[in-house]
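What the coordinates show
If you want the building blocks of each chain, they are given just below.
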Amino acid sequence: ETGVTQTPRHLVMGMTNKKSLKCEQHLGHNAMYWYKQSAKKPLELMFVYNFKEQTENNSVPSRFSPECPNSSHLFLHLHTLQPEDSALYLCASSPQANEKLFFGSGTQLSVL
Amino acid sequence: GQQVMQIPQYQHVQEGEDFTTYCNSSTTLSNIQWYKQRPGGHPVFLIQLVKSGEVKKQKRLTFQFGEAKKNSSLHITATQTTDVGTYFCAGSFGNEKLTFGTGTRLTIIP
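The following refers to the structure shown. (Residues numbered from 1 in each chain as written. Chains lettered and ligands numbered in written order. Predicted model: local features only at pLDDT ≥ 70, side-chain atom pairs only at ≥ 80, totals over all residues. Heavy atoms only, no water.)

For the rest of this paragraph, the subject is the overall build of chain B. Each helix and strand in chain B was counted, giving zero helices and 11 strands. Each helix and strand of chain B, ordered N terminal to C terminal, gives the series β-β-β-β-β-β-β-β-β-β-β. Its C-alpha atoms give chain B a radius of gyration of 13 Å, within 12% of the compact-globule value 13 Å for 110 residues. Overall, chain B is about 40 × 25 × 20 Å in size when its C-alpha atoms are taken along their principal axes. A total of 110 residues make up chain B; the buried ones form 47% of that total. Long-range contacts, defined as pairs at least 24 residues apart, comprise 54% of the intrachain contacts of chain B with a sequence gap of at least 6. Total accessible area computed for chain B in this model is approximately 5,400 Å², and 50% of it derives from carbon and sulfur atoms. (Helix = DSSP H or I, 4+ residues; strand = E, 2+ residues; numbered from the N terminus. Rg over C-alpha atoms; globule rule 2.2 N^0.38 Å. Buried < 20%, exposed > 50% of the residue type's maximum accessible area, 1.4 Å probe, protein only. Contact = heavy atoms within 4.5 Å. Areas by Shrake-Rupley, 256 points an atom, 1.4 Å probe, with all protein chains shown as cover.)

Pasting the structure below:
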């Protein structure tokens, strides 16, 4: 248990569906992140929130929409995804930006 | 953007043999972190190196940061089946975000 909880663990969705991924951290950290992990690719940073403010949007398509209502919670809203978006989506937090990361268990997403 | 290259991509070793993975950057790193991801799991932080030439040890694991702060290595002595997984380095350039290497997947032949 890393103190970072992600739900759901697995998600299968059609291309026309709308779903949300949830992340919660109980570590009192100020920075939270969304990463995408695909086969044979490095971990790709998608979004960074520092003190609830978005500080990084790494050229992510608009079909991915993050939300950070407070420093403990992070959401990733998904709509009209493509099959190539199928991947493991990892949430992470750190005490301050760019310090060591604590990852959640991830959501394995399959887009049909 | 900045890139961190990691080699090899895969490594198969007999149990008891040593293992090394390398990370290289074309530009100077502020610091480098190492993570381990077990099969089906998530990355777990192992260590951070900050100083030029720094060497840190964790039991059978030895981490090095190059003198020029452009490369780093992770060496495991006498591998065990529990060492199976993918090892990632992640470098920081100034105050910019962490950039992950592609990882080295280690498999152990019993």
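Having seen it, we continue.
A word on the state of the cysteines. Throughout the structure, instances matching the rule amount to two disulfides over all chains. A sulfur-sulfur separation of 1.9 Å characterises the disulfide bridge that pairs Cys 23 of chain A with Cys 91 of chain A. Linking Cys 23 of chain A and Cys 91 of chain A, the disulfide has an S-S dihedral of approximately -75° and is accordingly described as left-handed. Taken together, the residues Cys 23 of chain A in strand S3 (residues 18–25) and Cys 91 of chain A in strand S9 (residues 87–94) connect sequence positions 68 residues apart. One disulfide in the model links Cys 23 of chain B with Cys 89 of chain B; its S-S distance is 1.7 Å. Residues Cys 23 of chain B and Cys 89 of chain B share a disulfide whose torsion about the S-S bond is about -90°; that sign makes it left-handed. Residue Cys 23 of chain B is located in strand S3 (residues 19–24), and its partner Cys 89 of chain B is located in strand S9 (residues 85–92); the two are separated by 66 residues in the primary sequence. (Disulfide = S-S within 2.5 Å.)

Our next topic: the environment of Asn 70 of chain A. Residue and element names in this part refer to chain A. Looking at where Asn 70 falls in the secondary structure, it is placed in strand S7 (residues 64–70). In this structure, the C-alpha to C-alpha distance between Asn 70 and Tyr 33, residues 37 residues apart in sequence, is 13 Å. A distance of 2.9 Å separates a polar side-chain atom of Asn 70 from the backbone nitrogen of Ser 72. (Polar contact = N/O pair within 3.5 Å; in protein donor to acceptor, adjacent residues only side chain to side chain.)

A few words now on the pattern of salt bridges. Residue and element names in this part refer to chain B. Taken as a whole and judged by the stated rule, the model has three salt bridges over all chains. The salt bridge partner of Arg 60 is Asp 83, with a shortest N-O separation of 2.9 Å. Of the two residues, Arg 60 is situated in the loop between strand S6 (55–58) and strand S7 (61–65) and Asp 83 in the loop between strand S8 (71–76) and S9; the sequence distance between them amounts to 23 residues. (Salt bridge = Lys/Arg side-chain N within 4 Å of Asp/Glu carboxyl O.)

A few words now on the packing of aromatic side chains. Taken as a whole and assessed by the stated rule, the structure comprises 10 aromatic pairs over all chains. Aromatic side chains Phe 19 of chain B and Tyr 87 of chain B sit 5.8 Å apart centroid to centroid with 45° between the ring planes, which places their arrangement in the tilted category. With Phe 19 of chain B in strand S3 and Tyr 87 of chain B in strand S9, this pair connects stretches of sequence that are 68 residues apart. Accessibility assignment for this pair places Phe 19 of chain B and Tyr 87 of chain B in one class, buried. An aromatic cluster of three or more residues is present, and its members are Tyr 33, Tyr 35 and Phe 103 of chain A together with Tyr 35, Phe 45, Phe 88 and Phe 100 of chain B. (Phe/Tyr/Trp six-rings, centres within 6.5 Å; stacked < 30°, edge-to-face > 60°.)

Everything listed is a geometric property; what it means functionally is a separate question.
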